[in-house]
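Fold and geometry: a report
Each chain, written out:
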Amino acid sequence: MTRRAADVLREAVLRLRPVLGEGGARDARLLLAYALGIDAGRLTLVLQDDVAPEVLQSYLGYVDQRLSRQPASQIIGRRLFWGREFLVNCDVLDPRPETETLIELALRNAPPERILDLGLGSGCILLTLLAELPDAVGFGVDVSVAALRVAQKNAVRLGVADRTDVHQSDWFSAASGQFDLIVSNPPYITAAEMGELDPEVSHWEPKIALTPGPDGLESYRIIANSLDRFLAKDGRAFFEIGYRQGAAVCKIFQERGFDDVQVFPDLNGHDRVVQIRR
Ligand code: GLN
């Protein structure tokens, strides 16, 4: 028996909403559009049509995946960041809107020539900057080879692969030379906060990208220890931070001799990015 898209959607909403709240209704639409191979914005136009059996089967599979709390972005395999589409899977952090604050700040200044991103993940930070700054070249590192594969594919998709150099590296270990812009969204969630995360994050996103252990500050200590060597004169560094970490992270860099350290809020007004100027 063929079924109308509107009925299929209604049933999926009834299954997802009790588990996911209003987000469940949104994801039901998003996943149906994906199963149909159309833009989510066009879904309303086909709701009176019948859904082919194979499409219905895929859709019910996606709804089950979502019910197991897999993020919609991982089911679809994509996520929008700064207006561009990034491939994502469970090997990388899902690019988040708060991280766009870092992009905005980094683009405010004179365009850099050499950019270093510590902890590439999907590559959303470095590759967005390279796409916005056609004369810049980028060096991106991640300790996870699986993440580097995703970042490399994204570099190709965004047309910046010829200006992107990607390496496996434990923080600065594979980097050489100096950079006028250094960026990172390092793991910063504390051990205590890890227990409070939604299952979408704690079960499906890579733990290594989320937390550096106990107080959430270890990544900044490691970066601060070597920043002096890799940040060019007059260069700037931007690091994403947890919203309660502003003072502690500033102190870590100040103790290493950086006296131009500033904290900026995200669009929700929470402390989110630390800027360091040399
Ligand atoms: N740079 C990537 C991002 O911002 C990955 C960060 C990470 O893995 N901690 O999404």
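You'll find the structure just up there.
Along each chain, residues carry numbers from 1 onward, in the same order as the chain's sequence is written. The predicted origin of the model limits local features to residues at a pLDDT of at least 70 and limits the giving and counting of side-chain atom pairs to 80 or more, whereas totals for whole chains, interfaces and linings rest on all residues. Side-chain descriptors were evaluated using all non-hydrogen atoms of the structure, hydrogens and water having been removed beforehand.

**Here's the deal with helix 1 (residues 5-20)**
Here is the rule we go by: The helix count covers DSSP runs of H or I at least four residues long, the strand count covers runs of E at least two residues long, and both are numbered beginning at the N terminus. Working rule for helices: expected span equals 1.5 Å times residues minus one.
Here helix 1 is 16 residues long and its end C-alpha atoms lie 21 Å apart, about the 22 Å a rise of 1.5 Å per residue gives. Of the residues one or two after helix 1, Gly-21 is the one with positive phi, at around 70°.

**Here's the deal with the side chain of Gln-275**
The criterion, for reference: Under the scheme applied here, a residue whose accessible area is under 20% of the maximum for its type counts as buried, over 50% as exposed, and between as partly exposed, the area being computed with a 1.4 Å probe on protein chains only. Side-chain atoms alone can form a polar contact between residues adjacent in sequence; in general such a contact is a pair of N or O atoms within 3.5 Å, and within protein one must be able to donate a hydrogen while the other accepts it. The contact criterion used throughout is that any non-hydrogen atoms of two residues lie within 4.5 Å.
One can find Gln-275 in strand 11 (residues 271-277). Residue Gln-275 is classed as buried on the basis of its relative accessible area of 5%. Reaching out from Gln-275, the side chain makes a polar contact with the side chain of Arg-236 at a distance of 3.2 Å. Discounting residues that sit within four places of it in the chain, Gln-275 has contacts with Asn-109, Arg-236, Ala-237, Phe-238, Asp-260, Val-261, Gln-262 and Phe-264.

**Observations concerning the pattern of salt bridges**
Worth spelling out the cut-off: By definition here, a salt bridge exists when the distance from a side-chain nitrogen of Lys or Arg to a carboxyl oxygen of Asp or Glu is within 4 Å.
Inspection of every chain in the model, using the stated rule, returns 23 salt bridges. In this structure, the salt-bridge partner of Glu-11 is Arg-3, at a minimum N-O distance of 2.6 Å. The salt bridge involving Arg-221 is made with Glu-218; its shortest N-O contact spans 2.8 Å. Here Glu-218 and Arg-221 lie together in helix 12 (residues 218-230), a separation of three residues that amounts to about one turn. Judged by its relative accessible area of 35%, Glu-218 is partly exposed.

**Side note on the sheet that holds strand 11**
Applied cut-off: Strand pairing is defined by DSSP finding a minimum of two bridges between the two strands. Between N-to-C directions, angles cover 0 to 180 degrees, with each direction set by a line fitted to C-alpha atoms, over the stretch in contact for helices.
With respect to topology, seven strands assemble into an open sheet ordered 7-6-5-8-9-11-10, the strand pairing being mixed. Of all the strands in the sheet, the pair left with one neighbour each is strand 7 (164-168) and strand 10 (260-265). Across the sheet, the axes of successive neighbouring strands diverge by a mean angle of 15°, strand direction being ignored. Here three bridges tie strand 5 (residues 114-118) to strand 8 (residues 179-184), and the two strands are oriented parallel to one another. Bridge assignment links Ile-115 to a residue of strand 8, and that residue is Leu-181. Here helix 13 (residues 246-255) sits on the sheet and contacts strand 9 (231-240), strand 10 and strand 11; the angle it forms with strand 10, its principal contact strand, is near 160°.

**A closer look at the pairing of strand 11**
Within a regular beta strand, the side chains point alternately toward one face of the sheet and then the other, so they alternate between its two faces. Of all the seven residues making up strand 11, five are buried; the element is thus mostly covered by neighbouring parts of the structure. With five bridges joining them, strand 9 and strand 11 adopt antiparallel strand pairing. Residue pairing in the sheet places Glu-240 in a bridge with Val-273 of strand 11. The sheet contact formed by strand 10 and strand 11 spans six bridges and is antiparallel. Paired with Val-261 across the two strands is Ile-276, which belongs to strand 11.

**A look at the environment of Gln-168**
Along the polypeptide, Gln-168 turns up in strand 7. The partly exposed category is assigned to Gln-168, whose relative accessible area is 48%. Gln-168 sits 48 residues away from Leu-120 along the chain, and the two C-alpha atoms are 9.8 Å apart. Discounting residues that sit within four places of it in the chain, Gln-168 has contacts with Asp-142, Val-143, Val-145, Leu-148 and Ala-174. At 3.0 Å, the side chain of Gln-168 and the backbone oxygen of Val-143 are in polar contact.

**Points about the site of the ligand**
Short version of the rule: Here a residue is considered near a molecule or strand provided that any single heavy atom belonging to it is located within 4 Å of it. In these tables, accessible area is a Shrake-Rupley quantity obtained with a 1.4 Å probe, and a residue counts as shielded only by the protein chains included in the view. Amino acids outside the nonpolar list (Ala, Val, Leu, Ile, Met, Phe, Trp, Tyr, Cys, Pro) and the charged list (Asp, Glu, Lys, Arg) are all regarded as polar, and Gly is one of them.
Taken together, Leu-93, Thr-99, Gly-119, Leu-120, Gly-121, Cys-124, Ile-125, Asn-185, Pro-186, Pro-187 and Ala-209 are the residues near the ligand. Between a nitrogen atom of the ligand and a main-chain N or O atom of Gly-119, the distance comes to 3.0 Å. The separation between a nitrogen atom of the ligand and a polar main-chain atom of Leu-120 is 3.2 Å. Protein chains bury 96% of the 290 Å² of accessible surface belonging to the ligand in isolation. A class-by-class count of the residues in the shell around the ligand yields seven nonpolar, four polar and no charged.

**Considerations on the packing of aromatic side chains**
We apply this condition: Any Phe, Tyr or Trp ring, taking Trp's six-membered ring, that has another such ring centre within 6.5 Å forms a pair; planes under 30 degrees apart are called stacked, those over 60 apart edge-to-face, and the others tilted.
Per the counting criterion, the structure on display carries six aromatic pairs. Their ring planes at 40° and their centres at 5.2 Å tell us that Tyr-34 and Tyr-62 sit as a pair that is tilted. Of this pair, Tyr-34 sits in helix 2 (residues 22-36) while Tyr-62 sits in helix 4 (residues 53-67), placing them 28 residues apart in sequence. Judged by its relative accessible area of 31%, Tyr-34 is partly exposed. Relative accessible area serves as the criterion here: at 18%, Tyr-62 is assigned to the buried category. Ring geometry for Phe-253 against Phe-258: centres 6.3 Å apart, planes inclined by 70°, an arrangement best described as edge-to-face. An aromatic cluster is defined as three or more aromatic residues linked by ring pairs; in this entry it consists of Phe-239, Phe-253 and Phe-258.

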